[in-house]
Amino acid sequence: MRVAPLLLVAGLAAAAAAGPARAVPAVARAPAAAAQQPAAAAQEPAAAPRLPAGLPRELAGVTVLVDRVGGRVDWSHATGLIAAGIVGRDGYADIELLRPDGTRLACLTCGHPQVPQQHNDLPAWHPSGEYILFQSQDPALDLPVGERLEAYLTQGGAGLNHNLWLITRDGRRAWQLTRVRAGEASLHPHLSPDGRTVFWAARVQEGRRKVWALRLADLVLDGREARLVNVRTLRPRGDPQTFYESHGFTPDGRTVIFSASIGRAHPFDLDVWTMDLRTGRLRNLTDTPGEWDEHAQISPDGRTIVWMTDRGYPVPVRDFSRYGAALRTDYWLMDADGGRQRRLTFFNERGAPEDAGGRTIVADSSWNRAGNALVATMIVFAGGQPERRIVRLDLALRGAGVAPHRPATPGGGTPEPTVQERQCMASGWNRVVLPVAGLQRTLFWRGPDGPWTRGAVIVLHGGGGEHTHFCVASPPIVAPQVRWAERALAQGFAVFALNSSDRVTDSQGRVCGKVWDDEVRERPNLDLPFIGEVIRAVIPQTRPAGSRTEVFLTGLSSGGYMTTRAATHFDGLVTAFAPVSSGDPYGWHRICEPGLTPRTVVHGAGFDNETGKQIIEPGACQAERYPNEKPWESMNPPVKPAFRVFHHEDDGINDRSCAEKVIRQLRAHGYREVPAFWLRGNGQRSLANHLWQDAYNVPLLEFFASQLR
C-alpha cells in the first residue's frame, strides 16, 4: 500500500516542551550531527550534488520554530498565524496556532469535546482566517494489520481512517465534514482562494478494492453548520495502482496542483502535476522517472512553486526498505510552468550553511502572504529518535508574493504626489502606491498613537472624489469627511482612505470617469482586488502589536455602493459596514454616455434594474419583486457582518427608495441589520443632502465601536 513520505519516520518520541526559536543564518553552519547515529542514517548517497559556487542563493536564512515534535503546517494570509499539527505527550498530533516567530499560542483540538482525540493533523486555513480545515482519525475504526502497522497507516501523513473536519479559529465550534469507512482515507485537504471549494486526496472503495483519487466538494457555511456538497471524484489518467496527493489551487482558483504516479510502475515514482478545472488539461511539471517529487506549493503571485524531491540522492523506487533507511529530500523551486528548476535548500549537504546535522527529509510547506518566506516541516535523523522540526525559511526571492507596503516615494515608476497628497503627508498621513490587477492604486492611511484600540476602517470617497478628501478639507464641502477621520483617529481607529481609478467602463465599454467599479458586470471587477489587498496585506502589515484586528468599511455615494459590494464579497473578513447615500450594487447599472449629466469627471447616470428609472427620481427603486437582481457574492461565513445605512431623507442624487431597497436585500441575504440612520430634512431634495453630513460622524463611529468582538 502506498503512503506519504512522512510515514517513513513513524514512531517518533513523545512531545517535549518546545524551546525558544533558534535562528540559523544562511551564512553560518548549523549544529553538527551527533557522533552516534543509527546505521541507516549514516549511509551516504552515491553522488550528492555540491553547493553551487558563485551563484546567488535564494535561501536567506532558517529559523527553527518547533523542535522534536513539529508536524504539518499552513500559514494564514489573512491573520499571519501558522496552524500546525504538533505531537503531544500522548503520541497523537493536535492542531495548534503559532506566531511566525514560533510562539505557541493555543491548541485548538486538545481535549475538544466534539473532536476525536487521536490524530488531528494537516491543517489548512480558510482564506478568511476564521476557520481551519483539518483531518482527524476516527477512533471507532480500526485496521486488522497489527498494532505497529496500524499506527503507521493512521497517522496524518497516510490519512487512513481519517475524516475531514472544520474548526473555528477560536476553537469553539467544530464540524465533521466526511465519514469514511475502515481502510478509507482523507489526506491533505486544501481550500480554494475564495473559500468555497475543498480539494483533497481520498482512498475510496471501488468495487472490491480500494483506490486513491482526488476529490473536490463545495463547502457550505450557513451560520449554524458546515457541510460539503456536490462531491466530485477525479482519477486523471489513473489505473488502480495510481497514487494521488492534493497540494492546492493556483491563486485564481482555476487550476489544482497535485502529485501522482501517473504512468509509473511504482507508486513512489511521483511527479508534480497541474489540472485545469475548466478544460481538464493535465500538465506534468517535473516528469522525472525514478524520482520522488511531492508537496508542491505555489506562491501567492502564482509564479513560483516550491516542492520536495529526492533529486540527487537516488534510491531505487521499487526498494521500499532502502527508502526507509536512506531517503533524503530537499526543497527545490521552479516556475509555474515547470521551467527554471533549481535547488533551494541543502539540508543534506555537510558544510552547507543550513546543514541540518543529519539525514533530512523535508515535506509539507506553506508560503506567507508576501511570498518571501515559507514555513516547513522536516525530519532530521541525527542520533537517537528522529526529530520533527517546524522551520521558517526566509527567502531572497523577488516578486513571489505581495511585497511589504511602505509609504511611496517619488521616482522609480511611482507617480509624483499631488498638491493635496503632499498636504496629507505633511499632516502625518502615509501614502501607499501598489500595483494591483495591472493598475497603480493609491491610498492614504493613518493610525492613532500606539495600538489600534478599535481596529481599522476602510473609507471610500464618492464619485468624482479623491482619497485626500478625508485628510485635507479641499474643497470645503468635504470638511465633514475630514472631521470624521479626525474623530475616528482620536477614538482609536486606524483610517485607510482608498482612491478609485478612472478606468471603469459600463456594459458598452464607455468610460464612466472617476468612480468605483460599483456594480456587477461580466468583466472582472477593477476594485475588489484592490480592497482585498488592503484587507489581507496592507492592514496586517501596518498594524502595530497589541492592536485589535476588526476591519470596518464605509463609503459615500459611489463609494457607498462599493462598500456594500466589497463588504458582501469579503464578508468573512469585514466586521461591519456602513454605506452612506447609496443603494444596491447588485440591482443597478450605469449608462456612461457623455452629456447625461453636466459633470466632467463622472460620465453618464445610474438606473435601477427593475424600474429602469434614473436613481435621482422619486421612487426610482420601488419594486415588488427583483427578477433583474444580479447574483450576490459571499464567502459564506457562519455569521455575516452587521450593517447600518446612513441616508438623508431629501437626498436629491440617490433617492431614499434606493437606500430602502439595499436594506431589504441585505436583510434577505442574512446580514445583521442595525436600524438605518435617517437624517430628516424639510422636503427639499438637493445635491447638498447627498453629501457626507457632520450628523453622521458620531453615530457611524458608535456603530462600529458597538461591533467590536
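Bear in mind the structure is a predicted one, so any value in this text is a computation, not a measurement.

Parameters at a glance
Residues numbered from 1 in each chain as written. Predicted model: local features only at pLDDT ≥ 70, side-chain atom pairs only at ≥ 80, totals over all residues. Heavy atoms only, no water. Pairing = 2+ DSSP bridges. Helix = DSSP H or I, 4+ residues; strand = E, 2+ residues; numbered from the N terminus. Phe/Tyr/Trp six-rings, centres within 6.5 Å; stacked < 30°, edge-to-face > 60°. Buried < 20%, exposed > 50% of the residue type's maximum accessible area, 1.4 Å probe, protein only. Lys NZ or Arg CZ within 6 Å of the ring centre and 35° of its normal. Contact = heavy atoms within 4.5 Å. Disulfide = S-S within 2.5 Å. Axes fitted to C-alpha atoms, helices over the stretch in contact; angles between N-to-C directions. Parallel < 35°, antiparallel > 145°, perpendicular 65-115°, else oblique. Left-handed = near helix turned anticlockwise from the far one by under 90°. Nonpolar A, V, L, I, M, F, W, Y, C, P; charged D, E, K, R; others polar.

**Side note on the sheet that holds strand β21 (residues 330-335)**
What the four strands build is an open sheet, ordered β19-β20-β21-β22; its pairing is antiparallel. Among the strands making up the open sheet, the edge pair consists of β19 (293-298) and β22 (342-343). As paired strands, strand β20 (residues 304-309) and β21 are joined by six bridges and run antiparallel to one another. Bridge assignment links Met308 to a residue of β21, and that residue is Tyr331.

**Structural notes on the packing of aromatic side chains**
Under the criterion given, the structure shown has 22 aromatic pairs. Ring geometry for Tyr586 and Trp632: centres 4.3 Å apart, planes at 20°, overall stacked. Note that Tyr586 is positioned in the loop between β33 (576-580) and β34 (588-591) and Trp632 in the loop between β35 (605-608) and β36 (642-643), a separation of 46 residues in sequence. Relative accessible area serves as the criterion here: at 16%, Trp632 is assigned to the buried category. Site record: aromatic cluster; members linked through ring pairs are Phe577, Tyr586, Trp632, Phe643 and Tyr671. In this structure, Arg311 is placed above the aromatic ring of Trp332, and the distance from its NZ or CZ to the ring centre is 4.8 Å. The aromatic ring of Trp678 is capped on one face by Arg656, whose charged end is 4.0 Å from the ring centroid.

**Section: the environment of Pro448**
Take Pro448: it is sitting in the loop between β27 (439-446) and β28 (456-460). Under the relative-accessibility criterion, Pro448 is labelled buried at 17%. With residues up to four places along the chain from it excluded, the contact list for Pro448 reads Leu489, Gly492, Phe493 and Ala494.

**What about the state of the cysteines?**
Across all of its chains, the model carries four disulfides by this definition. Each sulfur in the disulfide pair Cys107 and Cys110 lies 2.0 Å from the other. Across the S-S bond of Cys107 and Cys110 the torsion is about 80°, and the bridge reads as right-handed. The residue that forms a disulfide with Cys621 is Cys658, at a sulfur-sulfur distance of 2.0 Å. Given an S-S torsion of about 70°, the disulfide between Cys621 and Cys658 has right-handed geometry.

**Focus: the packing of helix α5 (residues 479-490) against helix α9 (residues 694-706)**
Remark: α5 packs on α9, axes separated minimally by 9 Å, with the N-to-C direction vectors making an angle of 25°. Comparing their axes, α9 and α5 come out roughly parallel. Our pair here, α5 against α9, has a crossing hand that is right-handed. Judged by residue contacts, Pro480, Arg483, Trp484, Arg487 and Ala488 of α5 engage Asp694, Asn697, Val698, Leu700 and Leu701 from α9. The residue inventory of the contact of α5 with α9, partitioned by class, reads six nonpolar, one polar and three charged.

The values are spatial; any link to function lies outside them.
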